[in-house]
Amino acid sequence: MQDKLDRIIEARMKLKVRFEEKIKLSPSISDDRPLGKGPINRHGMPQTPVGQTLTEKWPVLDLGYHPTVELKNWRLKIDGAVENPVTLNWEDFMALPQTDDVSDFHCVTTWSKLDMPWRGVSFLDLAALVTPKSNATHVMCYGYDTYTTNLSIEEALKSDVLLVHTVYDEPLAKEHGGPVRMITPQLYAWKGSKWIKRIEFMDKNQKGFWEERGYSNTAYPWRNDRYS
């Protein structure tokens, strides 16, 4: 097990070096004229993106179907343009390095919820496990509810992008995507699939469910980047 963890750490460092410049240049970090208000947040942007209203509640938005996924049946497949495709069960997933983080949640329907404490596995560690090929540029995420969404690898590899199983020290509730969902704090939240079951690395961009219906491919909150 320690050898496996050491390999993940080494591969994680290589990925950071490989995508470091692209991550630094991403709009949610580098934009010198971000649209928003409030104090500066954890990655240098105004706390509340343009058009957003802060809420204490956590509204439930989805495709209208909440799949029941028992832990004994949950699987996460990671494949596509990778060197080492894997399928993880719950025990495999929980044996990976666990990350605790606090981040904000911005929904395209104009509400934001701040300072949410999460626990899960970082996308970076999952990518390190499978080693994206040199031609990989994007990922597609798939949910047990048939949902799909796309994002660039440099966005997915940011340190606050997690596949979470715990929030506020409680298991992630079914209506919020439990047992595991992806979170993308520097993008609108639809870019993080609920009830996630598969991550496909791709050599080109492809549209997911909402992107095919007119939503933005990039989804930058501080540019009001909601629609294509």
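For the structure, check the block above.
Residues numbered from 1 in each chain as written. Predicted model: local features only at pLDDT ≥ 70, side-chain atom pairs only at ≥ 80, totals over all residues. Heavy atoms only, no water.

(A) How the structure looks around the overall build of the protein chain. Along its length, the protein chain carries five helices and 13 strands. Along the first, second and third principal axes, the C-alpha set of the protein chain runs to 45 × 40 × 35 Å. In the protein chain, buried positions account for 52% of the 228 residues. Counting contacts in the protein chain only where the partners sit at least 6 residues apart, residues at least 24 apart contribute 68% of the total. Total accessible area computed for the protein chain in this model is approximately 10,800 Å², and 50% of it derives from carbon and sulfur atoms. Measuring between centres, the 30 positive side-chain charges of the protein chain sit 4 Å from its 31 negative side-chain charges. (Helix = DSSP H or I, 4+ residues; strand = E, 2+ residues; numbered from the N terminus. Buried < 20%, exposed > 50% of the residue type's maximum accessible area, 1.4 Å probe, protein only. Contact = heavy atoms within 4.5 Å. Areas by Shrake-Rupley, 256 points an atom, 1.4 Å probe, with all protein chains shown as cover. Lys, Arg positive; Asp, Glu negative; His and termini not counted. Charge placed at Lys NZ, Arg CZ, Asp CG, Glu CD.)

(B) Broad picture of the environment of Trp74. With respect to the helices and strands, Trp74 occurs in the loop between strand E3 (53-54) and strand E4 (75-80). Expressed as a C-alpha distance, the spacing of Trp74 and Pro97, which sit 23 residues apart in the sequence, is 18 Å. Residues within four places of Trp74 in sequence aside, it is in contact with Val69, Leu88, Asn89, Trp90, Phe93, Tyr144, Pro179, Val180 and Ile196. Side-chain polar atoms of Trp74 contact the backbone oxygen of Ile196, separated by 3.2 Å. (Polar contact = N/O pair within 3.5 Å; in protein donor to acceptor, adjacent residues only side chain to side chain.)

(C) Representation of the layout of surface pockets. Empty space within the largest pocket amounts to approximately 400 Å³. What lines the largest pocket is a set of 23 residues, among which Leu61, Asp62, Tyr147, Trp190 and Trp210 lie closest to the centre. Here the second largest pocket is characterised by a volume of approximately 280 Å³. Looking at the second largest pocket, it is lined by 18 residues, and the ones nearest its centre are Ile23, Ile29, Leu157, Lys158 and Ser159. Only helix H1 (2-24) and strand E6 (99-106) provide two or more residues apiece to the lining of the second largest pocket. No other element matches H1, which puts six residues into the lining of the second largest pocket. Split by residue class, the lining of the second largest pocket holds seven nonpolar, four polar and seven charged. (1 Å grid on protein atoms, 1.4 Å probe; cavity = no way out; pocket = protein on both sides within 12 Å on 5 of 7 lines; lining within 4 Å. Points joined across faces, edges and corners; volume = space filled by probe spheres on them. Nonpolar A, V, L, I, M, F, W, Y, C, P; charged D, E, K, R; others polar.)

(D) Main features of the environment of Gln186. On the secondary structure map, Gln186 appears in the loop between strand E12 (181-183) and strand E13 (196-202). With a relative accessible area of 6%, Gln186 lands in the buried category. Not counting chain neighbours up to four residues away, the residues in contact with Gln186 comprise Ser28, Ile29, His43, Lys158, Asp160, Pro221 and Trp222. At 3.1 Å, the side chain of Gln186 forms a polar contact with the side chain of Asp160.

It is worth stressing that arrangement in space is one thing and function is another; only the former is reported here.
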